[in-house]
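Given next are the chains, with one letter for each unit.
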Protein chains: 2
Amino acid sequence: MPLKADLDAIDWKILRELQQDGRMTNVELSSRVGISAPPCLRRVRRLEEAGIIRGYRALLNAPALGMDVVAFCLIGLHHQADAELKTFAERTRGWPIVRDAWMVSGESDFLLHCVASDLGAFQTFVIEELASAPNVDTVRTALTIRRVKDEGLVAFPA
Amino acid sequence: MPLKADLDAIDWKILRELQQDGRMTNVELSSRVGISAPPCLRRVRRLEEAGIIRGYRALLNAPALGMDVVAFCLIGLHHQADAELKTFAERTRGWPIVRDAWMVSGESDFLLHCVASDLGAFQTFVIEELASAPNVDTVRTALTIRRVKDEGLVAFPA
DNA sequence: CGCTTCGCGCAAGAATCTTTCGTGATTTTG
DNA sequence: CAAAATCACGAAAGATTCTTGCGCGAAGCG
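Looking up chain A in an unreviewed UniProt entry gives the name Lrp/AsnC family transcriptional regulator, with the organism given as Mesorhizobium helmanticense.

Here it is, written out as structure tokens:
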């Protein structure tokens, strides 16, 4: 199971390319990173099996699909014992509006990235689901106006 | 240029499958959605050209790559005129630590999703870059403890 | 020095992609 | 209502890509 230390410059190039275009063919990828196709594919497989590449996703255009509202919610709980945190974390997984969620430290306990079809759907979710969930103390929401940066890329050495 | 209204049940299935596995072969995809390969590929191409599929990304395991700190920053500016907002938005694109950024409404003006190698690197960024950038008024940070939900999927009808 | 280990790259077979084309169903039009 | 046009599906075939199995040369080690 290779870790960061086992990666050489070619592996980093592979990761960078696949982050930008996850559907690139292996021959295209191999020529970009400067080796032939077979060893390139072996490297990709190894990165996948090591869990360094967690998967591949198509990125969708939410507004074009009728999902016009993107918002973030900062949640504070009344009690932050381990059991309560796990309970709320589990609850977020049952809410389809929540795309991804983080447990955070600071003024709030959770940060939720939400996508909804319209403001009404989002407000219904906030009021009837989120704010009325057990143990929820505070809910602060930030509606997004527009996406300003969308790389989703992790910064790389060199 | 097809929009939401032009999508049928098969298109939605395609989007759902490609969201879960963006590298699925077209034959596999076609069998999953119940049509043969050629029309399936045509549908995918059309979704790409329409901008409904914005691209494909490999998801990387940041901690395994030595990026141990994921944090969110809420930024408030002194002045929120259009020019100032654009200037700050442009600045976020030059910071490699910032994975993606949103302009938001509410108490803050921007929300930044950041990934750094360690706390020191993140704090250096916050103090020397973010807080000292022109027009920045307030910076609130929330360090993530762990990822609680990671679908990244948009919710679908049915 | 010789052995082992490792990864690259060639080559070949298998799988996939992609185009072309004919067919049937639905819609539009006269 | 019928004829024409439009549309998308699916079969078939050629081009591309994937994937595996070796041989080779370069390091690392006893």
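Visitor: Outline the relation of the copies chain B and chain A, listing residues and values.
Guide: At an RMSD of 0.1 Å, chain B and chain A line up after a rotation of 180° and a shift of 0.0 Å along the axis. Those values place the two copies in the arrangement expected of a two-fold rotation axis.

Visitor: Can you lay out the protein's contact with DNA strand C for me, pointing to particular residues and giving the numbers?
Guide: Of all residues adjacent to DNA strand C, which total 13 residues, the nearest are A:Ser36, A:Arg43, B:Asn26, B:Val27 and B:Arg45. The separation between a base oxygen of DNA strand C and a polar side-chain atom of A:Arg42 is 3.3 Å. Contact distances for DNA strand C include 2.7 Å between a phosphate oxygen and a backbone N or O atom of B:Asn26. Breaking the surface near DNA strand C down by element, the ones donating at least two residues are helix H3 (37–49) of chain A together with helix H2 (26–33) and helix H3 (37–49) of chain B.

Visitor: Tell me what's going on with the protein's contact with DNA strand D, and back it up with residues and numbers.
Guide: Looking at DNA strand D, there are 13 residues lining it, with A:Asn26, A:Arg45, B:Ser36, B:Pro39 and B:Arg43 nearest. Protein-adjacent atoms of DNA strand D, using a 4 Å cutoff, are sugar or phosphate at a proportion of 65%. Measuring from a phosphate oxygen of DNA strand D, one finds a backbone N or O atom of A:Asn26 at 2.7 Å. Here a phosphate oxygen of DNA strand D and a backbone polar atom of A:Val27 are 3.1 Å apart. Mapped onto the surface near DNA strand D, the elements with two or more residues apiece are helix H2 (26–33) and H3 of chain A together with H3 of chain B. A total of five residues in the surface near DNA strand D trace back to one element, the largest contributor, which is H3(B).

Visitor: Account for the UniProt feature "domain: HTH asnC-type" (unreviewed entry) in chain A, with residues named and values stated.
Guide: Under the present numbering, the feature "domain: HTH asnC-type" (unreviewed entry) in UniProt falls on residues 7–68 of chain A. As annotated, residues 7–68 of chain A comprises 53% helix and 13% strand, and the C-alpha atoms at either end are separated by 40 Å.

Visitor: An account of the domain arrangement of chain A is requested, with residue identities and associated values reported.
Guide: It is common to give the size of an interface as the accessible area that goes away when the parts come together. Domains assigned within chain A are domain 1 (7–49) and domain 2 (63–143). Just the C-alpha atoms count here: the centres of domain 1 of chain A and domain 2 of chain A sit 37 Å apart.

Visitor: Lay out the packing of aromatic side chains with the relevant residues and their values.
Guide: For any pair of aromatic rings, the description rests on two quantities: the centre-to-centre distance and the angle between the ring planes. Taken as a whole and assessed by the stated rule, the structure comprises eight aromatic pairs over all chains. Centre to centre, the rings of A:Trp102 and B:Phe72 are 6.0 Å apart; their planes meet at 70°, and the pair counts as edge-to-face. Pair noted here: A:Trp102 is in strand E3 (residues 98–105) and B:Phe72 is in strand E2 (residues 69–77), and the two residues belong to different chains. Neither A:Trp102 nor B:Phe72 differs from the other in exposure class; each is buried. Here the basic side chain of A:Arg23 rests over the ring of B:Tyr56, its NZ or CZ set 5.3 Å away from the ring centre.

Visitor: Got a sec to walk through the interface of chain B and chain A? Specific residues and values, please.
Guide: Taken together, the contacts link 67 residues of chain B with 67 residues of chain A. For the chain B and chain A pair, buried surface summed over both sides reaches about 6800 Å², with 57% attributable to carbon and sulfur atoms. Along the contact surface separating chain B from chain A lie four salt bridges. Counting across the chain B and chain A interface gives 41 residue pairs in polar contact (both at pLDDT 80 or more).

Visitor: Summarise the sheet that holds E2(B); cite the residues concerned and give the values.
Guide: Working definition: the strands of a sheet are paired by backbone hydrogen bonds and lie parallel or antiparallel to each other. Taken together, the eight strands give a closed barrel; going around it, the order is E2(A)-E4(A)-E3(A)-E5(B)-E2(B)-E4(B)-E3(B)-E5(A), and neighbouring strands pair in antiparallel fashion. Strand-to-strand, the axes of this sheet are offset by a mean angle of 35°, without reference to chain direction. In this structure, strand E3 (residues 98–105) of chain B lies alongside strand E4 (residues 110–116) of chain B, joined through five bridges in antiparallel fashion. Bridged to B:Met103 within E4(B) is B:Phe110. Across the sheet, helix H4 (residues 82–93) of chain A touches strand E2 (69–77), E3, strand E4 (110–116) and strand E5 (136–150) of chain A together with strand E5 (136–150) of chain B, and the angle it forms with E5(B) is around 85°. In the packing of helix H5 (residues 119–130) of chain B onto the sheet, the strands contacted are E2, E3, E4 and E5 of chain B, and the crossing angle to E5(B) comes to about 150°.

Visitor: Describe the pairing of E3(B), and please don't skip the residues or the numbers.
Guide: A large share of E3(B) lies buried, amounting to seven of its eight residues. Between E3(B) and E4(B), which pair antiparallel and follow one another directly, the connecting turn spans four residues, one of which, B:Gly106, has a positive phi of 130°.

Visitor: So, the pattern of salt bridges: which residues are in play, and what are the values?
Guide: Counted under the stated rule, the structure contains 24 salt bridges over all chains. Measuring nitrogen to oxygen at the nearest pair gives 2.4 Å for the salt bridge that ties A:Arg93 to A:Glu90. Of the two residues, A:Arg93 and A:Glu90 both sit in helix H4, three residues apart, roughly one turn of that helix. Its salt-bridge partner being B:Arg140, residue A:Glu107 comes within 3.6 Å of it at the nearest N-O pair. Of this pair, A:Glu107 sits in the loop between E3 and E4 while B:Arg140 sits in strand E5, each in a different chain.

Visitor: Now, about empty space enclosed by the protein: what can you tell me, with residues and values included?
Guide: Within this structure, the stated rule accounts for one cavity of 30 Å³ or more. Put simply, the largest cavity is a space of about 700 Å³. For the lining of the largest cavity, the elements supplying multiple residues, two or more each, are strand E1 (53–60), E3, E4 and E5 of chain A together with strand E1 (53–60), E3, E4 and E5 of chain B. Class assignment for the residues of the lining of the largest cavity results in 14 nonpolar, six polar and 13 charged.

Each value, and the rule that gives it
Residues numbered from 1 in each chain as written. Chains lettered and ligands numbered in written order. Predicted model: local features only at pLDDT ≥ 70, side-chain atom pairs only at ≥ 80, totals over all residues. Heavy atoms only, no water. Least-squares fit on C-alpha atoms with pLDDT ≥ 70 in both. Near = heavy atom within 4 Å. Polar contact = N/O pair within 3.5 Å; in protein donor to acceptor, adjacent residues only side chain to side chain. Helix = DSSP H or I, 4+ residues; strand = E, 2+ residues; numbered from the N terminus. UniProt positions renumbered as here; feature names shortened; annotations may be inferred. Domains from an automatic or database assignment. Phe/Tyr/Trp six-rings, centres within 6.5 Å; stacked < 30°, edge-to-face > 60°. Buried < 20%, exposed > 50% of the residue type's maximum accessible area, 1.4 Å probe, protein only. Lys NZ or Arg CZ within 6 Å of the ring centre and 35° of its normal. Contact = heavy atoms within 4.5 Å. Buried area = accessible area lost by both parts, 1.4 Å probe. Salt bridge = Lys/Arg side-chain N within 4 Å of Asp/Glu carboxyl O. Pairing = 2+ DSSP bridges. Axes fitted to C-alpha atoms, helices over the stretch in contact; angles between N-to-C directions. 1 Å grid on protein atoms, 1.4 Å probe; cavity = no way out; pocket = protein on both sides within 12 Å on 5 of 7 lines; lining within 4 Å. Points joined across faces, edges and corners; volume = space filled by probe spheres on them. Nonpolar A, V, L, I, M, F, W, Y, C, P; charged D, E, K, R; others polar.

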